[in-house]
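# Descriptive analysis of the structure
Below, each chain spelled out in residue letters.
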Amino acid sequence: MTDSYASSRNGDITSNGQANGSNPSLLPHALAHGISPIIRKKLMGYVGFANLPNQVHRKSVRKGFQFTAMVVGESGLGKSTLINTLFNTTLYPPKEPLPPATERSKTVSIESIDADIEENGVRLHLTVVDTPGFGDFVNNDESWKPIVENIESRFDSYLEQENRVNRSKIVDNRVHACLYFIQPTGHSLKQIDIEFMRRLHTKVNLIPVIAKADTLTYEEVMEFKERVLSDIAYHNIHIFQAPTYDNEDEETLAEAEEIASKIPFAVVGSDKYVVTPDGRRVRGRAYPWGVVEVDNEDHCDFVKLRQMLVRTYMEELREYTNDVLYENWRTEKLLSMGVAQDSTVFKEINPAARMQEERVLHEAKLSKMEAEMRMVFEQKVQEKEAKLKQSEEELYARHREMKESLDKQRSELEEKKRRIESGRPLTPEKTPTNRKNRGFLR
Ligand SMILES: Nc1nc2c(ncn2[C@@H]2O[C@H](COP(=O)(O)OP(=O)(O)OP(=O)(O)O)[C@@H](O)[C@H]2O)c(=O)[nH]1
Ligand SMILES: [Mg+2]
């Protein structure tokens, strides 16, 4: 990729005849030679983001990688042997090579082996978790439990670190890949394998391997692989599938395809060196009829498995663990602890719904204002009515008063009239009043 990029840049420079591609006087010259106009160079000028992989590379080199793999499977299938085979590799020699176990006993507890591997200045802290094989007991129903608990406790430790105030030194001990060892029966998956894989596939990247592949012939391995894959598909078990990207070069695509075609990897493990009939000293297993070489791709898929783990898909395995497996576990865990997410915070805003919401609010405000105004109005009307009623009463009272006084006057006048008619004289001081009253009456 770097080469093609460099050559395209050089091409631009030489086609212009000069290094300065933005000189417009060179445009006809470029057109005459049937090459793209120089203006294109101006638009497609070197921005520098092509340097990004280098930046990422530098950062990763500084920080180093942490990668944890786990081996799970029935007892005696060669899990511990394969770990030693992995660590004793000549491609990635560990700084302090682990002493190969001379006599291997049965694994009794979950234990992890660490190694710091450095290649071209890139540090890799590789951890392989060895688990005791199951299948030894009469009842193997719950033998998956300690393994699932181990995976979850690693998630727990990561979550706890994430919740710390200072998160700059998070150690990622989560299991990034789980090699599941299948007994080379040549038949199909056992019930216990299905049970195990179903417990594990939502928590870890499952990579099935056929153990002790040297006990099967080539045809048997091929048939067994097919049967295992169809069993896995039938039981809806999710095994790790490497993603492919559109813009990858042919070489990478071919490598990805080849790795994918080997799943489940048929592996042979050995940390012992043997001499082949043609005199080579190789890691392998010697039989009376020949030698099985661990690092020979014609003999088994060990090289492809190691390539997948450490070379091609380490980052994808780490990413999927973090983005999907851990994330799902974390969500479930927090929900079960009663931590609820306020979904309204993340609600997508729909403009129409938003307007509708605002209209409803506005209408509510208007009707509230209207109600308030009506209340004030009614209050004022009541006050006015009360006042009117009061003045009406006052008027009525005055009217009654006047009527009474008039009645009184009339009776007095009638009294006087009667007296005059009867011949009795009027009292002098009352005459003016009478005259006045008479005038008022008229
Ligand atoms: N034929 C053959 N034998 C193997 C292979 N790998 C390991 N063995 C042998 O199988 C036996 C058991 O190997 P271990 O690595 O101890 O098996 P394990 O899976 O770790 O067993 P537990 O610790 O009990 O779970 C040993 O004698 C190994 O030499 C292999 O690829 N092919
Ligand atoms: Mg073991």
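So, how was this worked out
- Residues numbered from 1 in each chain as written.
- Chains lettered and ligands numbered in written order.
- Predicted model: local features only at pLDDT ≥ 70, side-chain atom pairs only at ≥ 80, totals over all residues.
- Helix = DSSP H or I, 4+ residues; strand = E, 2+ residues; numbered from the N terminus.
- Buried ≥ 20, exposed ≤ 12 C-beta atoms within 10 Å, placed from the backbone.
- Contact = placed C-beta atoms within 7 Å.
- Core = buried A, V, L, I, M, F, W, Y, C linked by C-beta atoms within 7 Å.
- Near = placed C-beta within 6 Å.
- Nonpolar A, V, L, I, M, F, W, Y, C, P; charged D, E, K, R; others polar.
- Expected span 1.5 Å × (residues − 1).
- Pairing = 2+ DSSP bridges.
- Axes fitted to C-alpha atoms, helices over the stretch in contact; angles between N-to-C directions.
- Parallel < 35°, antiparallel > 145°, perpendicular 65-115°, else oblique.
- Left-handed = near helix turned anticlockwise from the far one by under 90°.
- pLDDT = per-residue confidence, 0-100.
- Right-handed = clockwise from strand over helix to strand, strands pointing away.

Helix and strand content of the protein chain: 13 helices and 9 strands. Across the 442 residues that make up the protein chain, the buried fraction comes to 23%. Taking as baseline every contact in the protein chain between residues at least 6 positions apart, the subset at least 24 positions apart corresponds to 65%.

Let us now look at the nonpolar core. Cys178, Leu179, Tyr180, Phe181, Val209, Ile210 and Val267 are the most contacted members of the largest nonpolar core, which has 59 residues in total. Ignoring sequence-local partners within four residues, the contact set of Phe181 consists of Val71, Val72, Gly73, Glu74, Leu77, Lys79, Val209 and Ala211.

In the vicinity of ligand 1 there are 17 residues, among which Gly78, Lys79, Ser80, Thr107 and Gly133 approach most closely. Among the residues forming the shell around ligand 1, the class breakdown is 3 nonpolar, 9 polar and 5 charged.

With that out of the way, let us pick up the environment of Leu179. With respect to the secondary-structure elements, Leu179 resides in strand S4 (residues 177-182). C-beta crowding within 10 Å serves as the criterion here: with 25 such atoms nearby, Leu179 is assigned to the buried category. With 106 residues separating them along the chain, Leu179 and Gly73 place their C-alpha atoms 8.3 Å apart.

Note that the residue after Ile263, namely Pro264, is joined by a cis bond; omega there is -5°. Mapped onto the elements, Pro264 comes out in the loop between helix H9 (250-262) and strand S6 (265-266). Phi angles above zero are rare outside glycine, and Lys212 is one such case at about 45°. Assignment of secondary structure puts Lys212 in the loop between strand S5 (206-210) and helix H8 (218-234).

A few words on helix H12 (residues 351-422). Compared with an ideal rise of 1.5 Å per residue, which puts 72 residues at 106 Å, H12 spans 104 Å between its outermost C-alpha atoms and is within 8% of the ideal. For H12, the tally of buried residues reaches only 0 of 72 residues, placing the bulk of the element at the surface. A positive phi of about 95° marks Gly423, the residue just after H12.

In this section: the sheet that holds strand S9 (residues 290-293). Strands sit in the order S7-S8-S9 across an open sheet of 3 strands; the sheet is antiparallel. Among the strands making up the open sheet, the edge pair consists of strand S7 (273-275) and S9. The sheet shows a mean angle of 65° between the axes of neighbouring strands, taken without regard to direction. As paired elements, strand S8 (residues 281-287) and S9 share 4 bridges and run antiparallel to each other. When the sheet's bridge partners are listed, Ala286 is paired in S9 with Val291.

Before going further, it helps to examine the packing of H9 against helix H10 (residues 302-312). Their axes nearest at 10 Å, the elements H9 and H10 cross at an angle of 130°. In terms of their interaxial angle, H9 and H10 are classed as oblique. Handedness of the crossing formed by H9 with H10: left-handed. Listed contacts from H10 to Glu255, Ala256, Ile259 and Lys262 of H9 are Lys304, Gln307, Met308 and Thr312. By residue class, the composition of the contact of H9 with H10 is 3 nonpolar, 2 polar and 3 charged.

Now for the confidence of the model for the protein chain. Considering every residue of the protein chain, the mean pLDDT works out to 79; 74% of them sit at 70 or more. The spread of mean pLDDT over the elements of the protein chain runs between helix H1 (residues 2-16), the lowest at 38, and S5, the highest at 95. The low-confidence segment residues 1-32 (pLDDT under 50) makes 28 contacts with residues lying over four places distant or belonging to another chain.

On to the pairing of S5, then. Of all 5 residues in S5, 5 are buried, a share of seventy percent or more. Direction of pairing for S4 relative to S5: parallel, over a ladder of 5 bridges. Bridge pairing links Tyr180 to Pro208 in S5. Taken together, S4, helix H7 (residues 191-200) and S5 form a β-α-β motif whose crossover is right-handed.

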